[in-house]
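Listed here are the chains, written in short residue letters.
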Protein chains: 2
Amino acid sequence: MATGKRQMKLGASIRGLGYNASAWRHPDVDPGASESFAHFAECARIAEAAKFDTVFFADGLAIRAADEPKGSLCRSHENVELEPVTLLSALSVVTKNIGLVATASTSYNEPYHVARKYASLDHLSGGRAGWNAVTSWSEQEAWNFNRDEHYGKDERYDRANEFIEVVLGLWDSWDADAFIHDVEGGRFYDPEKMHVLDFKGRYFKVRGPLTSSRTPQGRPVIFQAGASDKGLDLAGRFADAVYMAPHTLDAAIKGRSVIRERAAAFGRSMDDVKILPGAQLVGGRTRGQAEDKLEYLKSLIDPLSAMARIAAQFGDLSVYDLDSPLPDDLGDSGKITVSSNMIRKALENRWTLRKLCQEVGMGQQLVILGSYDEIADTMQEWFDKGGADGFNVMPSYLPGGLADVAEHIVPRLQDRGVFRKEYEGSTLRENLGLARPASRYA
Amino acid sequence: MATGKRQMKLGASIRGLGYNASAWRHPDVDPGASESFAHFAECARIAEAAKFDTVFFADGLAIRAADEPKGSLCRSHENVELEPVTLLSALSVVTKNIGLVATASTSYNEPYHVARKYASLDHLSGGRAGWNAVTSWSEQEAWNFNRDEHYGKDERYDRANEFIEVVLGLWDSWDADAFIHDVEGGRFYDPEKMHVLDFKGRYFKVRGPLTSSRTPQGRPVIFQAGASDKGLDLAGRFADAVYMAPHTLDAAIKGRSVIRERAAAFGRSMDDVKILPGAQLVGGRTRGQAEDKLEYLKSLIDPLSAMARIAAQFGDLSVYDLDSPLPDDLGDSGKITVSSNMIRKALENRWTLRKLCQEVGMGQQLVILGSYDEIADTMQEWFDKGGADGFNVMPSYLPGGLADVAEHIVPRLQDRGVFRKEYEGSTLRENLGLARPASRYA
Ligand SMILES: Cc1cc2nc3c(=O)[nH]c(=O)nc-3n(C[C@H](O)[C@H](O)[C@H](O)COP(=O)(O)O)c2cc1C
Ligand SMILES: Cc1cc2nc3c(=O)[nH]c(=O)nc-3n(C[C@H](O)[C@H](O)[C@H](O)COP(=O)(O)O)c2cc1C
C-alpha cells in the first residue's frame, strides 16, 4: 500500500455526457443520460473501482450559451443536467470511499446555504464532501439571479473572500465533542462547545450557529478553480486543492509554484494545497490507435456547437468558410478566456475554421495523446517535475472515456508506484493526504 | 386495490428524533441519530412498507430558540440536522414509491435554486419530489441571511407569491417531448419546445430557462403550510396539498372548506387540493395502555425545553413555580402562534406550569389518543366528515413512534378500505390522486 513515495491524486470530472462538444453523438453514449442517476452511478462506480480520489462536478447556474451562431444551441447537450449536490447526495449511497466534489458559486448563493448543504453531504457520506468554490463567469447566470450583468472581477472576488470566510466560520459552529447526550443531566450538548459566529462584513451578515455538527472530516475539503491574480490569492488563502488548466509542462510548473507560494504567503504550508491540472487522456495500445481515436472524437464535433463555445469572445464565426484559413483580423472582444491560447495558435498556424472548431470542440483543457504507456509517462513526468500533484481527468465521453482510463492508464500508474491500489482512509481529506483542520476555537 | 372508494393520504413527518421536546431522552431513541443517514433510511423504510404517501421534512434555517429560559437551549435536540433536500436525494436511492417532501423557505432562498433542486430530486427519484413552500417565522433565520429582522407578513407573502410563480414558470422551461436526440440531423432538442421565462417582478428578475428538463411528474408537487389569511390565499392559488394544524374536528372541517373555496376562487377544482392535518397518534391495545404511553411521553419532557418553545411569546416562565397554577396575567407578547389555543386552555383550566410544559412539549399538533381501533375510528370520522383528506403523522419519537403507527394503525385503515394496500402509481402525484399538470405553453 503506502510505499512512502509521494502519491498522485486523481479526480474524475463526470459532468454531463463528457467534454466533447458533441459527446451525445458518440455511438457509445446514451443522449438521455445527462439526467439519469444510473448513468452517474455507473461513472462513480468505475471511478471508485479504479481508486480515484474524487468524482467532480463543474457547474453553472444557467444555459451559458446564447444561440450564437444561430441554430447552435439546440445542437448542444450542455443545457440540462442534475443539480450537483443533490446528485452527489444520491451517489453517496452507492459509493464508499470516493470523494464527492461539487461546484457552487460564491456570486449567486448565500453562505449559510452553502455551508449547510456541504456539511450535510459530508455527514451523509461519512466525510467525503468537497466544495469547488467558483465566482461564475457568464452574464446568463446573472440574469437568473435578479441582475442585469455579472459582477465585475473585484467585487466578485471581494465577495468570494468574505463568502468563504463565513462558510469556514459556520463550519466551526460546534466543537467535535460538543454533543454529550447526557440523559441524566438533561444536557444534549455542552454549551461551552457551541459557537456563535456573528459575522458582519461588507457583503454578508450571518449570525450562526450552523445547524450542523462538526462534520466527519472536520470540514468539507475546499477546491478552487480561479485563474486570475485574485483567483490565485483566493486559492492560496483557502484552497485545499486547485484545478488548473495549463497546456504545457512549463506553464504547469510555474502555475503550481505560484499557488504554493501564495499559500506560503498566507502562512500555510505549501503542501497543504494539491494542484490538479485538468486533462483529457486519449490513449490506445499504440500511438497510432490513439491518433485514430482522437480523429474519430474530432469527427463527431458539430462545428456550430464548437463555434458557440467561443461566440462570446469572437462573435458569429459561421459567416466564414469552414475549409478556408481563418481571417487574420478575427475580432476579439477582448474578453480573455481559457481559449485565448488556442486561438493564438490557430491564427499563427493559419488553421482552417474547421480545424479550430475541432480543437475547441474537444474541450479547452490539455489533451494528452499517446499510447497508454506514453500517457502514463507524461503524467509521471508532470508529477515528478513539479507540474502537478495529480490530475483531474476530463473524459471526452461518458462513461466510455472514463472506463478507458480506469482500465488502461490507472493500472500503469499503480505499477509505477505513484498511484494507490487501496484507499488510504475513509475520508476525502485522508485520501488527499491533508491534515484534519483545527477549529478556530480549539 | 383501488376500490373506487375515496382514499386517505398519509404523510410521515420524520424530522429529527421526533416531535416530543425531549425525544432524545426516550430509551428507544439514539440521541446521535439526527444526522445519521441510517436513521432516516430506517424511518423511510418503515413508512414505505406501510404505503405512506410521503416522508416529510419540516425545516428551519437557524436554531430558532434563544437560550431562554437560560440553560434551556443545550437541553434540546432541535439544533442540528441534515439539510432536507440532500437527505431526500440520498433517501431516493433506498426507496422506490414513497413521496419525498422537503420544506424550503420563500423568504430566504432564490427561486432559481429552489426550482433546480426540486426538479433534480424529481429526476433522481423518478417523480417523487414535493416542495413544502413556507415563508419562515423566526428572527433567527433573518439573522443568518443578512437581515436584522424577519420580513413583515405582507412582504413575506407578496414575495412568496412571486417566488412560486417564478418556480412554476421555470419548471415549464422545456416541453416534455423537447429532447429529440436526433443524431442524424444534429439536433439535441427541438428549439420550439424550449421556453425562456423572462420574469420581471417586484422581488425577482429571472430569465431562465431552467437547466432541467420537464420532470417525471410534470413538476414537483407543491405543499404549503401557512395559517394566516394570506397563507390560505397562497394555498388556494398554488398548493397541491396543505398541512393544517387544527385541534378539533369542527376547526378541521372549517379549515378544509376555506382552503377548498379559495382554490375554487382561483379557478381550480376543489379536489385539486389535499388537506392533511398534522397529528400525533398515541395508541395502545387498550385505551388504558395508550394513556399510560402518553403519561410516559409526558414524563420525558424537560420543562425548560418546553418553556423554550413558547419563550418568544411569553418570555421566561422559569421564574414561576412548576407545581402551582399559572398566573392569570401571563404576559402575552401579542405574537399569535399555533400555541395560542393551548395557552388559552391552560389559563381557563388553571393548569400548573408543569402541565402546560407537558402539553407544549408534546408538540403543538393535535394528539389523537386511544386504542388503535379508536384512533382508526377518529381518523376515519375526520376523513368522512370532510375534516381531512388524510393526515400528516408526526411521531413523538423516531423510529419507534412511526413503527407503532405502521404496525397497528395503518392495517386497521386498510381493513376499513380507506387506505391503500399497494401504491397506485410510481409518482407522488399519481399516489396523491392529482392530475398531471399541463405546461403553460401546451
Ligand atoms: C479548471 C477550471 C475549472 C472551472 N470550473 C468552473 C465551474 O465549474 N463553474 C464556474 O462557474 N466556473 C468555473 N471556472 C471558472 C473560474 O471560476 C473563473 O471564473 C475563471 O477561470 C476566470 O478566472 P477568474 O475568475 O479568476 O478571472 C473554472 C476554471 C478553471 C480554470
Ligand atoms: C402544519 C404546519 C407546518 C409548518 N411547517 C413549517 C416549516 O417546516 N418551516 C417553516 O419555516 N414554517 C413552517 N410553518 C409555518 C408557516 O409557514 C407559517 O409561517 C406559520 O404558520 C404562520 O402563518 P403565516 O405565515 O400564514 O402567518 C408551518 C405551519 C404549519 C401550520
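Sequence order sets the numbering: in each chain, residues are counted from 1 along the sequence as written. As a convention, the first chain written is A and the first ligand written is 1, with the rest following in written order. Owing to the predicted nature of the model, reporting of local features is limited to residues with pLDDT of at least 70; listing and counting of side-chain atom pairs is limited to 80 or more, with chain, interface and lining totals taken over all residues. Where side-chain values are given, they derive from all heavy atoms of the structure, hydrogens and water being excluded.

Looking at an unreviewed UniProt entry, chain A carries the name LLM class flavin-dependent oxidoreductase, with the source organism given as Rhizobium puerariae. UniProt positions are given in the numbering used here, feature names are shortened, and annotations may be inferred rather than shown by experiment. Recorded in UniProt for chain A, the comment headed Sequence similarities (unreviewed entry) runs: "Belongs to the NtaA/SnaA/DszA monooxygenase family."

Bringing the packing of helix α2 (residues 84-93) of chain A against helix α3 (residues 111-124) of chain A into the picture now. Residue and element names in this part refer to chain A. Here α2 crosses α3 at 10°, and the two axes come no closer than 9 Å. On the basis of their axis angle, the class for α2 and α3 is roughly parallel. Facing V85, L88, S89 and S92 of α2, the residues of α3 in contact are K117, Y118, L121 and L124. Residues of the contact of α2 with α3, tallied by class, amount to five nonpolar, two polar and one charged. Axis angles are defined between N-to-C directions and span 0 to 180 degrees, where every axis is a line fitted to C-alpha atoms and, for a helix, only to the segment in contact. Helix and strand definitions here come from DSSP, where helices need a minimum of 4 consecutive H or I residues and strands a minimum of 2 consecutive E residues; each element is numbered from the N-terminal end. Roughly parallel refers to an angle under 35 degrees, roughly antiparallel to one over 145, roughly perpendicular to one between 65 and 115, and oblique to any angle outside these ranges. Note on contacts: a residue pair qualifies if any of its non-hydrogen atoms lie within 4.5 Å across the two residues. For this scheme, ten residues count as nonpolar: Ala, Val, Leu, Ile, Met, Phe, Trp, Tyr, Cys and Pro. Four count as charged, namely Asp, Glu, Lys and Arg, and the remainder, Gly too, count as polar.

Residues and elements named next belong to chain B. Side chains of strand β8 (residues 241-244) alternate between two faces, with A241 and Y243 and V242 and M244 buried alike. Two strands are said to pair when DSSP picks up at least two bridges between them. Pairing of strand β7 (residues 221-224) with β8, which is carried by two bridges, proceeds in the parallel orientation. Paired with F223 across the two strands is A241, which belongs to β8. Note on handedness: a clockwise path from strand one over the helix to strand two, with the strands aimed away from the viewer, defines a right-handed crossover. Handedness of the β-α-β unit built from β7, helix α6 (residues 229-238) and β8 comes out right-handed. Direction of pairing for β8 relative to strand β9 (residues 274-284): parallel, over a ladder of four bridges. Across the sheet, M244 pairs through a bridge with P277, a residue of β9. One crossover worth recording links β8 to the parallel β9 by way of helix α7 (residues 249-265), and it is right-handed. Throughout, exposure labels follow a simple rule: accessible area from a 1.4 Å probe, protein chains only, divided by the maximum for the residue type, with under 20% read as buried, over 50% as exposed, and the rest as partly exposed.

Let us now look at the packing of aromatic side chains. The rule is short: rings of Phe, Tyr and Trp, with Trp giving its six-membered ring, pair when the centres are within 6.5 Å, and they are stacked under 30 degrees, edge-to-face over 60, tilted in between. Counting across every chain of the model gives 32 aromatic pairs over all chains. A ring pair is formed by W24 of chain A and F188 of chain B, whose centres lie 5.2 Å apart and whose planes are at 75°; its orientation type is edge-to-face. Residue W24 of chain A is located in the loop between β1 (9-13) and α1 (37-49), and its partner F188 of chain B is located in the loop between α5 (153-171) and β5 (199-200); the two belong to separate chains. Across the pair, exposure class does not vary: W24 of chain A and F188 of chain B are buried alike. Judged by centre distance (4.3 Å) and plane angle (45°), the rings of F56 of chain B and Y243 of chain B are tilted. One end of the pair, F56 of chain B, is in strand β2 (residues 54-57); the other, Y243 of chain B, is in strand β8, and 187 residues separate them in sequence. Here the two residues F56 of chain B and Y243 of chain B agree in accessibility, since each one is buried. Members of the aromatic cluster, joined through ring pairs, are W24 of chain A together with W174, F179, F188 and Y189 of chain B. The ring of W351 of chain B is capped by K355 of chain B, whose NZ or CZ atom sits 4.6 Å from the centre of that ring. Charge-over-ring placement is defined geometrically: NZ (Lys) or CZ (Arg) within 6 Å of the ring centre, and within 35 degrees of the ring normal.

To line up the copies, we fit them by least squares on C-alpha atoms, keeping just the residues with pLDDT of at least 70 in both. Note on the identical chains: chain A maps onto chain B by a rotation of 180° and an axial translation of 0.0 Å, with an RMSD of 0.0 Å. What we have between these two chains is a two-fold relation. When C-alpha positions in chain A are compared against the rotation axis, the closest is assigned to A90 of chain A, at 2.1 Å. Interface overlap between copies is the fraction of interface residues in one copy that are interface residues in the other; for chain A against chain B it reaches 100%, indicating a shared surface.

All names here are of chain B. Taken together, 16 residues sit near ligand 2, with D59, R64, R156, Y157 and S228 positioned nearest. Definition of a polar contact: a pair of N or O atoms within 3.5 Å, with one able to donate and the other able to accept a hydrogen when the atoms are protein atoms, and with sequence-neighbouring residues admitted only if both atoms are side-chain atoms. For ligand 2, a nitrogen atom lies 2.8 Å from a polar atom in the backbone of D59. K153 has a polar side-chain atom sitting 2.9 Å from an oxygen atom of ligand 2. The element best represented in the shell around ligand 2 is α5, accounting for three residues. Grouping the amino acids of the shell around ligand 2 by side-chain chemistry returns seven nonpolar, five polar and four charged. Being near a molecule or strand, for a residue, means having at least one of its heavy atoms within 4 Å of it.

Positionally, A279 of chain B belongs in strand β9. As a C-alpha pair, A279 of chain B and D233 of chain B span 46 residues in sequence and 23 Å in three-dimensional space.

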